[in-house]
Amino acid sequence: MEACKSGDRNAQFRLYKLYSRAMFNICTRMLGDRAAAEDALQEAFVSVFTKLHTFQGRASLGAWMKRIVVNKCLSLLNRRTLFTESLDEQLHETEDESKERDWAITESDLSSERIHKAIKSLPEGCRVIFTLYQMEGYDHQEISDILDVSVSTSKSQFHRAKKLLKEKLFDLKPN
Amino acid sequence: MWKIIASYIDDHRDEIDLDEPGGQVWRTIEQKLDARTDLKRGKRRYFAYYKAAAAVVLSVGLGYLLSKAVPENGGSDLVAAMDQQEACADFDKKQARMERTFLRSEELVQNAKTGAQYPQSSQFLAAMDSLRPVYLRLTAKIKQNGCSSELVKEVKDHQRTRINWMTRFSDHIEEEHQ
């Protein structure tokens, strides 16, 4: 850390290698475009290294860096077009598992690659919310503040993402 | 069923992160960091140049002024003698002015001590009391040693201090009796 703060390039590269993959995947999930994700990652790491002296250690370094990365991604997103659902699309599904269709999926049917592809294929709006909620641990209130949407929008988009993911995983399930 | 998927995602998070950034990402980060460092260095260099230039200008200016103040023959003794001569020429006037100031302030002190007209004058009285021995020392020095440039300076300082206190006391009286 101290070496990074003092501008030691080798130390900074080691830190980059440690976190770049995880942070890059946050960017690809949020932005859906590799080029945009690389831009966001570059900007985020430049901010990390120039602001490392402000890191106070209240949260973990990874959590601190994640915040910077998420903020960079959000600044690149066109939030106005993020959610274009009509009122009809607002879902009011409950989580009553007993009413779900009998999807024939078990954990052995899942694979990291399939889930990775399924998440990336989600529409932009619900993909962003799914990433923030399920992958990065933000709650709906925080998402509502960050994206300037209502909590109910955040929840409904997350439900939509879950539904679509289940369908995509089912579609991708080998016969 | 969602619980199965969510649990899988939590347990296999690292494996789900399949994408890797390209090699040029780090090179771009390096370039941007280097550019920032160069900018900072450039700013520091820029500031250092200006400081140096300012120091040169000041030195030249001071040198010019000093050359005007000090004769070319480097006669520092002559300068000191001229200072003293000039100072002592009006020393009698300064001494007389100091004594008049002292008498006037003594008069004010006496009035203040009666307490009838200036009830809040303790600070003034304390200041005047502290200046009295200075005045007595100066007059003794003048009688003993005669005029010197140091003594002239002391007399001027003492008179200035006394006048300052008298002015403040006058202002205080005005405020009190408005």
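Everything numeric here is computed off the predicted structure, so don't read it as measured data. (Residues numbered from 1 in each chain as written. Chains lettered and ligands numbered in written order. Predicted model: local features only at pLDDT ≥ 70, side-chain atom pairs only at ≥ 80, totals over all residues. Heavy atoms only, no water.)

> Please set out the overall build of chain B residue by residue, giving values where relevant.
Scanning chain B for helices and strands turns up seven helices and zero strands. For chain B, the α and β elements follow one another from N to C terminus as α-α-α-α-α-α-α. For chain B, buried positions account for 29% of its 178 residues. Looking at chain B alone, contacts between residues at least 24 apart form 71% of all its contacts between residues at least 6 apart. (Helix = DSSP H or I, 4+ residues; strand = E, 2+ residues; numbered from the N terminus. Buried < 20%, exposed > 50% of the residue type's maximum accessible area, 1.4 Å probe, protein only. Contact = heavy atoms within 4.5 Å.)

> How would you summarise the interface of chain A and chain B if you had to cite specific residues and measurements?
The partner chain B presents 31 residues to the 43 residues of chain A that form the contact. Both faces considered, chain A and chain B share a buried interface measuring about 3500 Å² in area, 61% of it formed by carbon and sulfur atoms. By the criterion of area lost to chain B, the three top residues of chain A are Arg9(A), Arg21(A) and Gln42(A), representing 18% of everything that side buries. Taken together, the connections running from chain A to chain B amount to six salt bridges. With a shortest N-O distance of 2.8 Å, Arg13(B) and Glu136(A) are connected by a salt bridge. Run the count over chain A and chain B and you get 18 residue pairs in polar contact (both at pLDDT 80 or more). A total of twelve residues in the side of chain A that touches chain B trace back to one element, the largest contributor, which is helix α2 (residues 9-31) of chain A. Looking at side-chain class alone, the side of chain A that touches chain B contains 18 nonpolar, eleven polar and 14 charged residues. (Buried area = accessible area lost by both parts, 1.4 Å probe. Salt bridge = Lys/Arg side-chain N within 4 Å of Asp/Glu carboxyl O. Polar contact = N/O pair within 3.5 Å; in protein donor to acceptor, adjacent residues only side chain to side chain. Nonpolar A, V, L, I, M, F, W, Y, C, P; charged D, E, K, R; others polar.)

> Tell me about the pattern of salt bridges, and name the residues and values.
Residues and elements named next belong to chain B. For the structure on display, the rule yields 16 salt bridges over all chains. We note a salt bridge from Arg137 to Glu154, for which the minimum N-O separation is 3.1 Å. Of the two residues, Arg137 sits in helix α6 (residues 122-145) while Glu154 sits in helix α7 (residues 149-176), which places them 17 residues apart along the sequence.

> Describe the packing of aromatic side chains, and please don't skip the residues or the numbers.
Under the defined criterion, the tally for this structure stands at eleven aromatic pairs over all chains. Geometrically, the ring pair formed by Phe13(A) and Trp26(B) is tilted, given 5.2 Å between the ring centres and 55 degrees between the ring planes. Of the two residues, Phe13(A) sits in helix α2 while Trp26(B) sits in helix α3 (residues 23-69), which places them in two different chains. Looking at Trp26(B), the relative accessible area reads 8%, which means it is buried. Each ring, one from Phe158(A) and one from Trp2(B), has its centre 6.3 Å from the other, and the planes form 85 degrees; the classification is edge-to-face. Remark: Trp2(B) occurs in helix α1 (residues 2-11) and Phe158(A) occurs in helix α8 (residues 151-172); the pair is interchain, linking two chains. Since its relative accessible area comes to 5%, Phe158(A) is described here as buried. The class for Trp2(B) is buried, based on a relative accessible area of 6%. Every member of this aromatic cluster is reached through a ring pair, and the members are Phe13(A), Tyr16(A), Phe45(A), Phe49(A) and Trp26(B). (Phe/Tyr/Trp six-rings, centres within 6.5 Å; stacked < 30°, edge-to-face > 60°.)

Any functional reading would require information beyond the geometric quantities listed.
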